[in-house]
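# Commentary on secondary and tertiary structure
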Amino acid sequence: MKTFFTTLALFFALFGMAQQRLYTDPVKIPLLLSGSFAELRSNHFHSGIDIKTQGTTGLPVYAVADGHVSRIVVSPTGYGNALYIDHPIGTTSVYGHLKAFSSEIANYVKEQQYKKHSFRVDLQIPSYLFPVKQDQEIAKSGNSGSSGGPHLHFEIRDTRTEEPLNPLNFGFPVKDDIAPKLFSVLLVPLTDSSHVAYSRKPQSYPVVFYEGKYHLKNNPIIPAWGEIGVAIQTNDYFNDTYNKCGINLLRMSLNNEDQFSFTLNRFSFADTRYLNSHIVYSEYITTKRRYIKTWIDPGNKLPIYTHNGSEGRITANNRQNGKIEIELQDSYGNTSLIDFTIAGKNAALKPESQEGELFSYNHFNGFKNDSVRLEIPAGALYSDFRFEYRTEKASDEFYSDYHFLHNNTVPLHKNATVAIRTDSLPNYLESKVVMAYVNPETGEFSAAGGRYQNGWVTTETRNLGVYAVTVDTIPPEITPLSIADNKLTESGRIRFKIKDDLAGIKTIEGLLDGKWALFEYDAKTATITHYFDKERFELGKNHTFRLTITDYRNNHAVYESHFWK
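The structure contained in this document is the topic of the report that follows. If you're wondering where the values come from, they're calculated on a predicted model, not measured in any experiment.

### Description of the sheet that holds strand β45 (residues 520–522)
- Read from one edge to the other, the open sheet built from 4 strands follows the order β39-β42-β46-β45, with strand pairing classed as antiparallel. Unpaired on one side and paired on the other, β39 (477–480) and β45 mark the two borders of the sheet. When the angles between neighbouring strand axes are averaged without regard to direction, this sheet yields 25°.
- As judged from the 4 bridges shared by β39 and strand β42 (residues 493–499), these two strands associate in the antiparallel manner. Considered in β42, the bridge of Thr479 is made with Lys497.

In structure tokens form, the structure reads like this:
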């Protein structure tokens, strides 16, 4: 009952907030967006909006309402430097990819980093420590973490549930009178007896716009039979920008009867990976086009959908033609429409081969032989599929065959366990073993973890595909950028490029005169930087310096120098 009243109070508070504009702008420039709420990203929905910062870093960032700093995160990836501010109304605002925090916050963070001997920190902040007022400057905008260019990532969350809410529902002055754009329609046979245009493979149809709505090019009546699914490729755009963003609402009807709809104004981070079921994942993997489904896979637990009982599946039969209408909206109600017709046409198609073992979406599934094991827990699949397996001889750098565990067009919602037996691995390399995820087209591979025990290498993964066992015995590389011949080439800092080709960088330790020194790490540029700090180190003298970089297989690279500073 308490949870109900808390949620109800938050609803009315947020409704009033949207009407009264209680949030002010986090940056004091025109709000142009490069990313929208719930936009389709890799393995997740985008949890906020991305605000352009005029192609630069260092713009002042302001608290959008009174509150207190509740969390501070510093990371070489993800949001980079991020601030979380809790507001009395029951919401939390989030500011990501920051260049710098305000001086009071920055000093506190630095103290914690030196205390923990770690650049990466995730700090829970007592409510009394950093109270803030609306429009108080809290940071400078930046490009930290996994950002692809200067911008401010901004979110509003429900503080209690931590669910992100659509910021565009709260009156921020973003200009948008552009309706979503459609690019193509995909029709997908959903059963062994279904077809689209006499094919059991998905069929795509380009679209054109005229007379106020979209149409399939040349207005074909599409022959189909059995259960089929409809998916659309679409993007939304904001005024004065060219960035591809996402839609907010979709409705699909058949012969004027509603079949399926969804609205994306909030979601749970626990559910965000269901995006891979929200789209036609196999099409994305093979063509890089994201088609949004208008049907629900049986293993998709996203709570955003409404449907008429058929979960959006359309049955094509010979009783009547089917007129399909789809409506798309963005967060400002700009609307696009398309309609087209399917005709029930049965066809005696050659039965598809039923090779492979049937894996059921709602059960544990496994495969094993003398050299490989695969375990997929219940709830990891969105729909049933037939699992196929084969092997190929691997190149000399591997200590196993290539094991083709189906292919990467089937998404996994939970981790699966992969284990490969290796009889040829020397004992002295057991601690260096790596499970490799192999691109079957190029032969390139990346590390997928791995641990050795009793002749088997085991890892956890969310990707089906090609796996093999290799080792990593090569230490990381260190390239100095601001020291040459034991002399500094930059006065206020020391910088290095660091690189590891396989297992990945685990730890970075810089010692200045034997004391731990903070190095900021930008993973996307592979650069680490120490800014000289006269409060922590005595300057005006000769210094000894030692930098150690360790990867996840405990290969070490060491750089030593001395210099005057």
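Picking up after the structure, the text goes on.
### Topic: the nonpolar core
- Grouped together as the largest cluster of nonpolar side chains are 63 residues, with contacts concentrated most on Val69, Ile72, Leu83, Tyr95, Ile138, Phe496 and Phe545.
- Grouped together as the second largest cluster of nonpolar side chains are 43 residues, Val230, Leu264, Ile292 and Ile338 included.

### Things to note about unusual backbone geometry
- Positive phi, normally seen in glycine, also occurs at Asn486, with a value near 60°.
- Located in the positive-phi region is Asp513, a residue other than glycine, with phi close to 55°.
- Structurally, the position occupied by Asp513 is in the loop between β43 (505–512) and β44 (515–517).
- Of the residues examined, Asp513 reaches a relative accessible area of 28% and is grouped as partly exposed.

### Comments concerning the pattern of salt bridges
- If you walk through the whole model with that rule in mind, you get 25 salt bridges.
- Between Asp50 and Arg41 there is a salt bridge whose closest N-O contact spans 3.2 Å.
- Overall, Arg41 belongs to the partly exposed group, its relative accessible area being 23%.
- Of the charged contacts in the structure, one is a salt bridge between Asp297 and Lys293, with a shortest N-O distance of 2.5 Å.
- Via salt bridges that share partners, Glu39, Arg41 and Asp50 belong to a single interconnected network.

### Section: the environment of Gly322
- Looking at the secondary structure, you find Gly322 in strand β25 (residues 322–329).
- When its relative accessible area of 7% is taken as the criterion, Gly322 is described as buried.
- Measuring from C-alpha to C-alpha, the distance between Gly322 and Gln54 comes to 48 Å, with 268 residues separating the pair along the chain.
- The residues contacting Gly322, other than those within four sequence positions of it, are Leu254, Asn255, Phe340, Thr341 and Ile342.

### Observations concerning helix α2 (residues 103–116)
- In this model α2 runs 20 Å from its N-terminal to its C-terminal C-alpha over 14 residues, within 8% of the 20 Å that 1.5 Å per residue would give.
- Of all the positions in α2, only Ile105, Tyr108, Val109, Gln112, Gln113 and Tyr114 are classed as buried.
- Within two residues after α2, His117 carries a phi angle of roughly 55°, on the positive side.

So, how was this worked out
Residues numbered from 1 in each chain as written. Predicted model: local features only at pLDDT ≥ 70, side-chain atom pairs only at ≥ 80, totals over all residues. Heavy atoms only, no water. Pairing = 2+ DSSP bridges. Helix = DSSP H or I, 4+ residues; strand = E, 2+ residues; numbered from the N terminus. Axes fitted to C-alpha atoms, helices over the stretch in contact; angles between N-to-C directions. Core = buried A, V, L, I, M, F, W, Y, C linked by side-chain atoms within 4.5 Å. Buried < 20%, exposed > 50% of the residue type's maximum accessible area, 1.4 Å probe, protein only. Salt bridge = Lys/Arg side-chain N within 4 Å of Asp/Glu carboxyl O. Contact = heavy atoms within 4.5 Å. Expected span 1.5 Å × (residues − 1).

By themselves, these figures tell us nothing about what the structure is for.
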